[in-house]
Amino acid sequence: MASLRTLALEDSRGSSDRREVLVLAESDSDNTKSAKAIADNGWHCIMALGTTRSVTSDARSLTTLASRQWCHIDPFVHRHRRRKWHTIRLATHGNTRQRMDVRVRHTSGSLRSVGKVELVCAERRNRPDGRRTSRAGNDLRATARQMVMGYRLRWAVELFHKSVKQHLGFDDVATHGFDAVLSHGHWVSSADILLHMSPPGLSAGVRSLGDKQRALQQGLADTEKRHILQQLTQIGGVQHYKAELRQALAGT
């Protein structure tokens, strides 16, 4: 976590208010060290809680011995089962513009080794036997709706990772140092930005990242071919091109 503590986001995104940074953490990446590093940097975070994370409520911390205040998140949610559910309606991902009803319970509390957080329990309203998730956020002003919608942004991050792994070689890194891995990530992100900006010569109908990459490679290959054709059609171009090839081959 030392790398996370010293991570300078200003180097890649410019100067900004630290409170504008939102870190989204899955339950398998949730641990006290990373949460404390996020808090020390002054960033906001929304994290999914694993079943073994210990939490307590404000009321319980005032009325219970310190040794008995903490409990795992599942028993904590069960103890607060009488708290009223609130239903929120969210738009689903995709082009169908469908709606999804989610019911939530929201309370203030503390996350062990982290401090004060807002705790939200959420589940699909039309799937009472489905998966129930618990999340914690260190922005005490955030509403339950904001926390649920904020965490759903993580899906866009997952799609980004899938895209750059498939098309831009995000996984093809053999370095060991953190700075080298970070530099590789910056290069991949820069390539992704350039491709989404539709470089000159790409058709407006090319939308997917893979198609843009293939079209750009084809365009570069065609540019090289046109350069060769231009050389060959000049006076004495064949001899000049042969000389360039011999020189290149001799250099290798």
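Relevant structure appears above.
All of these numbers come straight from a predicted model, not from anything done at the bench. (Residues numbered from 1 in each chain as written. Predicted model: local features only at pLDDT ≥ 70, side-chain atom pairs only at ≥ 80, totals over all residues. Heavy atoms only, no water.)

Participant: How do you make sense of the packing of helix α6 (residues 144-152) against helix α7 (residues 154-167) when you look at a structure like this?
Facilitator: For any two helices packed against each other, the geometry comes down to the angle between their axes and how far apart the axes lie. Remark: α6 packs on α7, axes separated minimally by 4 Å, with the N-to-C direction vectors making an angle of 5 degrees. Judged by the angle between their axes, α6 and α7 are roughly parallel. Along the contact surface, α6 presents G150, Y151 and R152, while α7 presents R154, W155 and A156. Of the residues in the contact of α6 with α7, the class split is three nonpolar, one polar and two charged. (Axes fitted to C-alpha atoms, helices over the stretch in contact; angles between N-to-C directions. Helix = DSSP H or I, 4+ residues; strand = E, 2+ residues; numbered from the N terminus. Parallel < 35°, antiparallel > 145°, perpendicular 65-115°, else oblique. Contact = heavy atoms within 4.5 Å. Nonpolar A, V, L, I, M, F, W, Y, C, P; charged D, E, K, R; others polar.)

Participant: What is the right way to look at the packing of aromatic side chains in this model?
Facilitator: Here a ring pair, both rings aromatic, is described through the centre-centre distance and the interplanar angle of the planes. For the structure shown, the criterion picks out zero aromatic pairs. Directly above the ring of W85 sits R103, whose terminal nitrogen or CZ lies 4.3 Å from the centroid. (Phe/Tyr/Trp six-rings, centres within 6.5 Å; stacked < 30°, edge-to-face > 60°. Lys NZ or Arg CZ within 6 Å of the ring centre and 35° of its normal.)

Participant: Any chance you could explain α7 here in plain terms?
Facilitator: Because an α-helix packs 3.6 residues into every turn, residues spaced three or four apart end up facing the same way. The terminal C-alpha atoms of α7 lie 20 Å apart, and with 14 residues this matches the ideal 20 Å at 1.5 Å per residue to within 8%. Within α7 the residues assigned to the buried category are R154, S163 and V164. Of the residues one or two after α7, G169 is the one with positive phi, at around 70 degrees. (Expected span 1.5 Å × (residues − 1). Buried < 20%, exposed > 50% of the residue type's maximum accessible area, 1.4 Å probe, protein only.)

Participant: For this particular structure, what's the right way to read the side chain of S134?
Facilitator: Summarising the element assignment, S134 is placed in strand β8 (residues 133-137). Those residues in contact with S134 that sit more than four places away from it in its chain are M47, A48, L49, I73, V77, V120 and C121.

Participant: Help me understand a nonpolar patch on the surface in this model?
Facilitator: Residues I193, L194 and M197 make up a contiguous nonpolar surface patch of about 330 Å² in total accessible area. One can find L194 in helix α8 (residues 178-196). On the accessibility criterion, L194 (52% relative accessible area) is exposed. (Patch = residues over 30% accessible without salt bridge, like charges linked within 9 Å, V, L, I, M, F, W, Y side chains within 5 Å. Areas by Shrake-Rupley, 256 points an atom, 1.4 Å probe, with all protein chains shown as cover. Salt bridge = Lys/Arg side-chain N within 4 Å of Asp/Glu carboxyl O.)

Participant: Got a minute to help me understand the environment of V23 in this structure?
Facilitator: Positionally, V23 belongs in strand β1 (residues 22-25). Counting along the chain gives 24 residues from V23 to M47, while the straight-line C-alpha distance between them is 7.9 Å.

Participant: How do you make sense of the pattern of salt bridges when you look at a structure like this?
Facilitator: Close approach of charged atoms lets side chains of opposite charge pair. The final tally for this structure, using the stated rule, is seven salt bridges. Where R89 meets D101, a salt bridge forms, and the shortest distance between an N and an O atom there is 3.0 Å. On the criterion of sequence distance, the pair formed by R89 in strand β5 (residues 86-91) and D101 in strand β6 (residues 99-111) is long-range, its members being twelve residues apart. With a shortest N-O distance of 2.8 Å, E123 and R132 are connected by a salt bridge. You can call R132 partly exposed: its relative accessible area is 41%. When salt bridges that share partners are traced, they join E26, R154 and E158 into one network.

Participant: Explanation requested: the environment of G237 in the structure shown.
Facilitator: Looking at the secondary structure, you find G237 in helix α10 (residues 237-251). Ignoring anything within four residues of it in the chain, the contact list for G237 reads Q231 and L232.

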